[in-house]
Amino acid sequence: MYLFGYHLEINKKQSPNRYTLVEEQTSTNKLNYKIELHNNQLREVFIQSEKPFSRIESNQIISFTVRDVVTFSSKINSNLITYSKADGTTDKLVDYWLKHTYFPILLTFENKYYFLHAGAVEIEDTSVLFVANSFGGKSTLTDFFIKKGHTMISDDKVATFEKDNMIFSVPSYPYHRPYRKMEDLGLFVENFAEESKPINCILNLIKSDPLCEIKVSQTLGIDKFKIIRYSTEIDLPIHKKQRFKALTNIANKVDIYDITIPWDLNRLEEVYQAIVKFIKNKKVI
């Protein structure tokens, strides 16, 4: 499977561009350092390590446990992931926690990406991200673009990295969840991005009155920083200097725009047309 720019295979030899997944019993008895993760599908979820999280080192063990479901474990930069599942845990549940949560966390620990909580699609062959407050219409708008035939980059977690003084978005995995159902990857999407591309812009959705005019206005200065900070997906007490630099680089190098979204599903087509027109007229990277 192709996942956040890497191949993830079962029982194959590791390589720089491939992670290997192996099922085996994992002991966490000597992992004395712990981070509790909250609001995760009503499950008890935590990360453990044998060393402090203040400084992440090669070969440091990172264990991720979903109580009574599954435990994943990997050594930093080893490209090997082991897992053990509890009795009654289905392969579908393992797949969900691996793709949706553990693998992005591992890539964050390995400092490979900075993740944003956003939907992302291709418009005019460029990468456009949608961010919003909770229940702000991000998933609904992403779903609308997918149904219109636009290539999906990510439904929820957008991995980003810097290259050649530009910020790139990375395809996540070909599933989309336009509904709220726990521990479910969602619907398979055939039209899924095949490569990383520079981010054209980020659209910050502003939930507005149903009768409001659709307006796009550029965000500048400290407000750009705030939007990226509030849209950070994986917020862990690790790599603090590097992560602050990544956040600042996104704010400095990516155009961000506020767009007023009428809170009326009957106007989604109008919103869609306005965004497509805006991207067409905007200077392409």
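So, here's what we can say about the structure.

What counts as what
Residues numbered from 1 in each chain as written. Predicted model: local features only at pLDDT ≥ 70, side-chain atom pairs only at ≥ 80, totals over all residues. Heavy atoms only, no water. Phe/Tyr/Trp six-rings, centres within 6.5 Å; stacked < 30°, edge-to-face > 60°. Helix = DSSP H or I, 4+ residues; strand = E, 2+ residues; numbered from the N terminus. Buried < 20%, exposed > 50% of the residue type's maximum accessible area, 1.4 Å probe, protein only. Lys NZ or Arg CZ within 6 Å of the ring centre and 35° of its normal. Bend = angle between axes of the 7 residues up to and from the residue. Pairing = 2+ DSSP bridges. 1 Å grid on protein atoms, 1.4 Å probe; cavity = no way out; pocket = protein on both sides within 12 Å on 5 of 7 lines; lining within 4 Å. Points joined across faces, edges and corners; volume = space filled by probe spheres on them. Nonpolar A, V, L, I, M, F, W, Y, C, P; charged D, E, K, R; others polar. Core = buried A, V, L, I, M, F, W, Y, C linked by side-chain atoms within 4.5 Å. Contact = heavy atoms within 4.5 Å.

**A closer look at the packing of aromatic side chains**
Here's step 1: Scanning the model with the defined rule gives 20 aromatic pairs in all.
Here's step 2: Taking 6.1 Å as the distance between ring centres and 40° as the angle between the ring planes, the aromatic pair formed by Phe72 and Tyr83 counts as tilted. Of this pair, Phe72 sits in strand β7 (residues 70-75) while Tyr83 sits in strand β8 (residues 80-85), and the two are 11 residues apart along the sequence. Just as Phe72 is buried, Tyr83 falls in that class too.
Here's step 3: What links up through ring pairs into an aromatic cluster is the set Phe4, Tyr6, Tyr19, Phe103, Tyr113, Phe115, Phe161, Phe168 and Tyr173.
Here's step 4: Directly above the aromatic system of Phe46 lies the positively charged group of Lys34, at a separation of 4.2 Å from the ring centroid.

**A few points about helix α1 (residues 91-109)**
Here's step 1: Within α1, the axis deviates most sharply at Leu98, by approximately 45°.
Here's step 2: For α1, a buried count of 16 out of 19 residues is recorded, marking the element as mostly surrounded by other parts of the structure.
Here's step 3: Positioned one or two residues after α1, Asn111 has a phi angle of 60°, which is positive.

**Regarding the pairing of strand β3 (residues 18-23)**
Here's step 1: With 4 bridges joining them, strand β2 (residues 6-10) and β3 adopt parallel strand pairing. For Leu8, the partnering residue across the bridge sits in β3 and is Tyr19.
Here's step 2: Bridging between β3 and β8 involves 4 bridges; their strand directions are parallel. Within β8, the residue paired with Glu23 across the bridge is Tyr83.

**As for the layout of surface pockets**
Here's step 1: In this model, the second largest pocket occupies a volume close to 280 Å³.
Here's step 2: In terms of lining residues, the second largest pocket is bounded by 14 residues, among which Tyr114, Phe161, Glu162, Gln242 and Ala246 are the most central.
Here's step 3: Elements represented by at least two residues in the lining of the second largest pocket include exactly β13 (157-163) and α4 (240-253).
Here's step 4: Among the elements that make up the lining of the second largest pocket, the one with the highest residue count is α4 (6 residues).
Here's step 5: A class-by-class count of the residues in the lining of the second largest pocket yields 6 nonpolar, 4 polar and 4 charged.

**Observations regarding the environment of Thr248**
Here's step 1: With respect to the helices and strands, the residue Thr248 is situated in helix α4.
Here's step 2: Put simply, Thr248 and Ile228 are 20 residues apart on the chain and 8.5 Å apart in space, counted from C-alpha to C-alpha.

**Here's the deal with the nonpolar core**
Here's step 1: Ile47, Phe64, Phe72, Trp97 and Phe109 are the most contacted members of the largest nonpolar core, which has 41 residues in total.
Here's step 2: Among the elements of the structure, β2, β3, β4 (33-40), β5 (43-49), β6 (61-66), β7, β8 and α1 are those that each provide at least two residues to this core.
Here's step 3: Broken down by element, the residue count for this core peaks at 11 residues, all from α1.
Here's step 4: If we ignore the near neighbours within four places in the chain, the residues touching Phe64 are Leu37, Val45, Phe46, Ile47, Val70, Thr71, Phe72, Trp97, Thr101, Tyr102 and Ile105.
Here's step 5: Core analysis: the second largest hydrophobic core is formed by 22 residues, Leu141, Phe145, Leu205 and Ile275 among them.

Taken by themselves, the reported measurements are silent on function.
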